[in-house]
Amino acid sequence: MKKIGLSTFVFQNLYGDKEALRLAKEAGADAVDFNLAGMDYQNENSPYAKSEEEFVKYFTSLKNYAESIGIDICQTHGRLPGFKNEKEHDEALVKNARLDCKATALLGAPVCVVHAVSTMNHMDASDEFMHELNFKQFAQILPFAKEFNVKIATETFGDVHGGAKCEFFGNNDELIKNYKLTKERLPEYADYFTVCMDTGHTNKATKFNNNPKPPQAIRDIGSDITVLHLNDNTTENDQHMIPFVNKKVWKITGTIDWDDAFDALDEIGYNGVYNMELSLDRYGDEVSFETARLAVATLRNFISKRYGQ
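Residues numbered from 1 in each chain as written. Predicted model: local features only at pLDDT ≥ 70, side-chain atom pairs only at ≥ 80, totals over all residues. Heavy atoms only, no water.

Please clarify how the layout of surface pockets should be interpreted in this entry.
Empty space among the atoms becomes apparent when a probe as large as a water molecule is rolled across them. Looking at the largest pocket, its volume works out to about 450 Å³. Considering the residues around the largest pocket, the lining is formed by 25 residues, among which Leu80, His115, His161, His201 and Asp238 are closest to the centre. Put simply, the parts of the chain that give the lining of the largest pocket at least two residues each are strand 2 (31-35) and helix 7 (199-204). The greatest single-element share of the lining of the largest pocket, amounting to 3 residues, is contributed by strand 2. (1 Å grid on protein atoms, 1.4 Å probe; cavity = no way out; pocket = protein on both sides within 12 Å on 5 of 7 lines; lining within 4 Å. Points joined across faces, edges and corners; volume = space filled by probe spheres on them. Helix = DSSP H or I, 4+ residues; strand = E, 2+ residues; numbered from the N terminus.)

Where do I start with the pairing of strand 4 (residues 111-114) in this structure?
Working note: regular strand, side chains alternate between the two faces of the sheet. Where burial is concerned, the two faces of strand 4 agree: the one with Val111 and Val113 and the one with Cys112 and Val114 are both buried. Looking at chain direction, strand 3 (residues 72-77) and strand 4 are connected through 2 bridges and run parallel. Considered in strand 4, the bridge of His77 is made with Val113. Two strands pair when backbone bridges link them, and strand 4 and strand 5 (residues 151-155) are joined in this way by 4 bridges, in the parallel orientation. Across the sheet, Val111 pairs through a bridge with Lys151, a residue of strand 5. You can see the chain leave strand 4, run along helix 5 (residues 127-148) and come back into strand 5, and the turn it takes is right-handed. (Buried < 20%, exposed > 50% of the residue type's maximum accessible area, 1.4 Å probe, protein only. Pairing = 2+ DSSP bridges. Right-handed = clockwise from strand over helix to strand, strands pointing away.)

Is there a simple way to think about the packing of helix 3 (residues 52-69) against helix 4 (residues 87-107) in this case?
When two helices pack together, their arrangement is given by the angle between their axes and by how far apart the axes lie. As a packed pair, helix 3 and helix 4 sit with axes 8 Å apart at the nearest point and diverge in direction by 45°. As summarised for this structure, helix 3 and helix 4 are arranged oblique, according to the angle between their axes. When the axes of helix 3 and helix 4 are compared, the crossing they make is right-handed. Along the contact surface, helix 3 presents Glu52, Phe55, Val56, Phe59, Thr60, Leu62 and Lys63, while helix 4 presents Leu99, Lys102, Ala103, Leu106 and Leu107. Grouping the constituent residues of the contact of helix 3 with helix 4 by class yields 8 nonpolar, 1 polar and 3 charged. (Axes fitted to C-alpha atoms, helices over the stretch in contact; angles between N-to-C directions. Parallel < 35°, antiparallel > 145°, perpendicular 65-115°, else oblique. Left-handed = near helix turned anticlockwise from the far one by under 90°. Contact = heavy atoms within 4.5 Å. Nonpolar A, V, L, I, M, F, W, Y, C, P; charged D, E, K, R; others polar.)

Got a minute to help me understand the pattern of salt bridges in this structure?
Pairing between side chains of opposite charge can happen when their charged atoms approach one another. Taken as a whole and judged by the stated rule, the model has 16 salt bridges. Between Asp72 and Lys3 there is a salt bridge, with the nearest N and O atoms lying 2.6 Å from each other. Separated by 69 residues along the polypeptide, Asp72 in strand 3 and Lys3 in the segment before strand 1 (4-7) bring together distant segments of the chain. Close ionic contact of Asp260 with Arg219 constitutes a salt bridge, the shortest N to O distance being 2.8 Å. Taken together, the residues span a long stretch of sequence, with Asp260 in helix 9 (residues 258-267) and Arg219 in helix 8 (residues 214-221) at a distance of 41 residues. Asp260 sits in the partly exposed class, given a relative accessible area of 26%. (Salt bridge = Lys/Arg side-chain N within 4 Å of Asp/Glu carboxyl O.)

Can you walk me through the nonpolar core in this structure?
A general tendency of soluble globular proteins is for nonpolar side chains to be buried together. With 85 residues, the main nonpolar core has Phe59, Ile152, Phe262, Tyr274 and Met276 as its most contacted residues. By residue number, the principal contributor to this core is helix 5, which donates 9 residues. Not counting residues within four places of it along the chain, the set of residues in contact with Phe59 comprises Leu36, Met39, Pro47, Tyr48, Ala103, Leu106 and Leu107. Listed in part, the 5 residues of the second largest apolar core include Val113, Ala153, Cys196 and Val227. (Core = buried A, V, L, I, M, F, W, Y, C linked by side-chain atoms within 4.5 Å.)

Looking at this model, I keep getting lost on the sheet that holds strand 7 (residues 225-229). Mind explaining?
For sheets, the rule is that strands pair by backbone hydrogen bonds, running either parallel or antiparallel. Reading across the sheet, the 8 strands line up as 7-6-5-4-3-2-1-8 and stay open at both edges, with parallel pairing between neighbours. Bordering the open sheet on either side are strand 7 and strand 8 (274-276), each of which pairs with just one other strand. The average angle at which neighbouring strand axes cross in this sheet is 30°, direction not considered. As defined by bridge partners, strand 1 adjoins strand 2 across 3 bridges and the pair is classed as parallel. Bridging across to strand 2, Leu6 finds its partner in Val32.

What is the right way to look at the side chain of Ser7 in this model?
Take Ser7: it is sitting in strand 1. A relative accessible area of 3% means that Ser7 is categorised as buried. Here Asp33 takes part through its side chain, which lies 3.2 Å from a polar atom of the side chain of Ser7. In terms of polar contacts, Ser7 uses its side chain to reach the side chain of Asn275, at 3.1 Å. For Ser7, the contacting residues outside a window of four places in its chain are Asp33, His229, Asn275, Met276, Glu277 and Leu280. (Polar contact = N/O pair within 3.5 Å; in protein donor to acceptor, adjacent residues only side chain to side chain.)

Hey, could you run me through the pairing of strand 5 in this one?
Counting buried residues along strand 5, 4 of its 5 residues qualify, which places the element largely inside the surrounding structure. Both strand 5 and strand 6 (residues 193-198) contribute to a ladder of 4 bridges, which runs parallel. Across the sheet, residue Glu155 finds its bridge partner in strand 6, namely Cys196. Since strand 5 and strand 6 lie parallel, the crossover through helix 6 (residues 172-185) that links them has a hand, and here it is right-handed.

Please clarify how empty space enclosed by the protein should be interpreted in this entry.
Within the structure shown, the criterion is met by 2 cavities of 30 Å³ or more. Lining the largest cavity are Thr156, Phe157, Phe169, Gly170, Asn172, Leu175, Thr202, Ala205, Asn211 and Pro212. Among the residues making up the lining of the largest cavity, the classes are represented as 5 nonpolar, 5 polar and no charged. By volume, the second largest cavity amounts to about 40 Å³. Lining the second largest cavity, in full, are Ala116, Asn134, Thr154, Phe169, Leu175, Asn178, Tyr179 and Phe193. In terms of residues, the lining of the second largest cavity owes the most to one element, helix 6, which gives 3 residues. When the residues that make up the lining of the second largest cavity are grouped by side-chain class, the tally is 5 nonpolar, 3 polar and no charged.

Here it is in structure tokens:
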């Protein structure tokens, strides 16, 4: 039976961590992508700033609650943005990333998604600089993945905010190249490194450099994709729209060919959670739950028709 997931960052921001799990379950989701990106050891109000005992208790209680209501925590979202080549920022990112991995393990999730280095912080950097800084970032984070027996997923990118240019790692070839080189240079951590396909990011990147559409990008990356951020857009910005809406009104929905995208996922043997990362507050905070319920129902209907489930 194919599982449907929801990224809970909107619910967490509006209602808190525990309530976010309950709302996702009530909306019909089987699993969640739990957001850790807003947590910071430098913020005294964050679980990351608590004692070891309090930290373990906090995330263990969330895991136990999720189990009690019957929802899986299939993945987490960790650090963003990536390294800025600024000592204070990058050192803090590494410390928080270790806590991301630890929290991910305590939550019972197998994968933590981490953003790559962003062109937004390095507009005029050389290709060599971007590759080396991104390698440096993951080289410092992957040992934590091994320590806590979870995986780190690098995420496909799109364009720089505002559409000024393509993210360096929004170029699918550059992302694949860096991913493979990192695994080759760090063979002891190769089994702890994987890829998150963000269909919205990839769709935005199609405006630049003849980047492939999401279905072809899925085929190009292949079975290294083990977690998903499914969402749609018009390529104009990161709209995080619900997939599978009527293509006759694509200008107010999205432009991804979802039949072909799922063909591609089938071809690479994807068997994980079909997780959606959406702007659940798109129509207002007050109807974020109704938006989530619609999204889950829409995806479940699509899967039911496609696979007979």
